[in-house]
Amino acid sequence: ADLAQPVAFSTRGLNRAEAVGRIGQKLQFPLQPAPARLPGLAEDKVAEELATLSCGTALACLLRPAGYALLPQAEGGQIVYRLERMRPGMEIWPVGWAPEKLPKDVLPKLYEFLEVRFQNVSAAQAVQAIADRLQVVYLVDHNALARHGIELEKTPVNIPATRTFYGKALDRVLFQAGLKYEVRIDEAGTPLLWITTIKPL
């Protein structure tokens, strides 16, 4: 319930450590250690707008590109949110959860039809255009994309004029970039799109 609270402030452009710290101030239980003490967390700016998502999913999203993970733990009779370096095999708080319902029930607009045409635009532009129409936040698995050398802004995509549904159009755009999407939900049940590589990390 604590992590299901909405972020409710603009994160895009903030220092990553600052964004994590501001979310921590909203929570009932403490972040340990303090975000400002995590090496490398303050070195870049947040690209995503996470205001409409819940604190748990937002924290996991903010920490992951810097190599950190969220691990809620019981310590001394209370809960603390441990911020730790990711290690192979570590069980961590995920960036969104697999919904129990089918995608068509979680995000019905994915199955609405439209006329679509993309001609030599970047994958980033195409994904943003579709997400805007769907009115849904999309989050990118930056770690996986970096591992496979994929840059959304530099990958051109093309779809000739055709009538299809949003989910299929997004599939075709992402496949040209070596990517795929998953429908996930945050701790409050808000749908989001998780974009990662076709090949595993």
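That block above? That's the structure.
Quantities reported herein were computed from a predicted structural model and do not represent experimental measurements.

### Considering the overall build of the protein
Thought 1: Looking only at helices and strands, the protein features six helices and eight strands.
Thought 2: Since a compact globule built from 201 residues should have a radius of gyration of about 17 Å, the 18 Å found for the protein is in line with a globular shape.
Thought 3: The dimensions of the protein, computed from C-alpha atoms along their principal axes, are 60 × 35 × 30 Å.
Thought 4: Considering the protein as a whole, with its 201 residues, one finds that 46% of them fall into the buried category.
Thought 5: When contacts within the protein are restricted to residue pairs at least 6 apart in sequence, long-range pairs at least 24 apart make up 68% of them.

### Focus on the sheet that holds strand β8 (residues 191-197)
Thought 1: If you trace the three strands from one edge of the open sheet to the other, you get β5-β8-β7, paired in mixed fashion. In the strand order of this sheet, the two ends are held by β5 (137-140) and β7 (179-185), each with one partner. Strand-to-strand twist across the sheet, computed as the mean angle between neighbouring axes with direction ignored, equals 30°.
Thought 2: Where β7 meets β8, seven bridges bridge the pair, whose relative direction is antiparallel. Each residue of the ladder has a partner; that of V183, found in β8, is L193.

### Focus on the pattern of salt bridges
Thought 1: One pass over the structure, following the stated rule, counts eight salt bridges.
Thought 2: Between D44 and R16 there is a salt bridge, with its nearest N and O atoms 3.0 Å apart. With D44 in the loop between β1 (31-32) and α2 (55-63) and R16 in helix α1 (residues 16-26), the pair connects residues that are 28 residues apart, well separated along the chain.
Thought 3: Residue class for R16 comes out buried when judged on its relative accessible area of 4%.
Thought 4: Of the charged contacts, one joins E84 and R87 as a salt bridge, the two residues approaching to 3.5 Å between their closest N and O atoms.
Thought 5: Residues joined in a network through salt bridges with shared partners are R82, E84 and R87.

### A short note on the side chain of T11
Thought 1: You can see T11 is positioned in the segment before α1.
Thought 2: When its relative accessible area of 0% is taken as the criterion, T11 is described as buried.
Thought 3: Apart from the residues within four sequence positions on either side, T11 is in contact with V46, E48, E49 and L50.

### What about the environment of L83?
Thought 1: Positionally, L83 belongs in strand β3 (residues 78-85).
Thought 2: Note on L83: relative accessible area 4%, which makes it buried.
Thought 3: Once the C-alpha coordinates of L83 and P72 are considered, the two residues, eleven residues apart in sequence, prove to be 8.7 Å apart.
Thought 4: Ignoring anything within four residues of it in the chain, the contact list for L83 reads V20, L31, Q32, P33, P35, L38, L63, A69 and L70.

### Regarding α2
Thought 1: Burial runs high along α2: nine of the nine residues are buried.
Thought 2: Of all the residues in α2, the buried ones are C55, G56, T57, A58, L59, A60, C61, L62 and L63.

### Some points on the packing of α1 against α2
Thought 1: As a packed pair, α1 and α2 sit with axes 10 Å apart at the nearest point and diverge in direction by 160°. Judged on the interaxial angle alone, α2 and α1 are roughly antiparallel. Between α1 and α2 lies a crossing whose hand is left-handed. Along its contact with α1, which presents R16, A19, V20, I23 and K26, the element α2 presents C55, A58, L59, C61, L62 and L63.
Thought 2: Residues that form the contact of α1 with α2 fall into these classes: nine nonpolar, no polar and two charged.

What counts as what
Residues numbered from 1 in each chain as written. Predicted model: local features only at pLDDT ≥ 70, side-chain atom pairs only at ≥ 80, totals over all residues. Heavy atoms only, no water. Helix = DSSP H or I, 4+ residues; strand = E, 2+ residues; numbered from the N terminus. Rg over C-alpha atoms; globule rule 2.2 N^0.38 Å. Buried < 20%, exposed > 50% of the residue type's maximum accessible area, 1.4 Å probe, protein only. Contact = heavy atoms within 4.5 Å. Pairing = 2+ DSSP bridges. Axes fitted to C-alpha atoms, helices over the stretch in contact; angles between N-to-C directions. Salt bridge = Lys/Arg side-chain N within 4 Å of Asp/Glu carboxyl O. Parallel < 35°, antiparallel > 145°, perpendicular 65-115°, else oblique. Left-handed = near helix turned anticlockwise from the far one by under 90°. Nonpolar A, V, L, I, M, F, W, Y, C, P; charged D, E, K, R; others polar.

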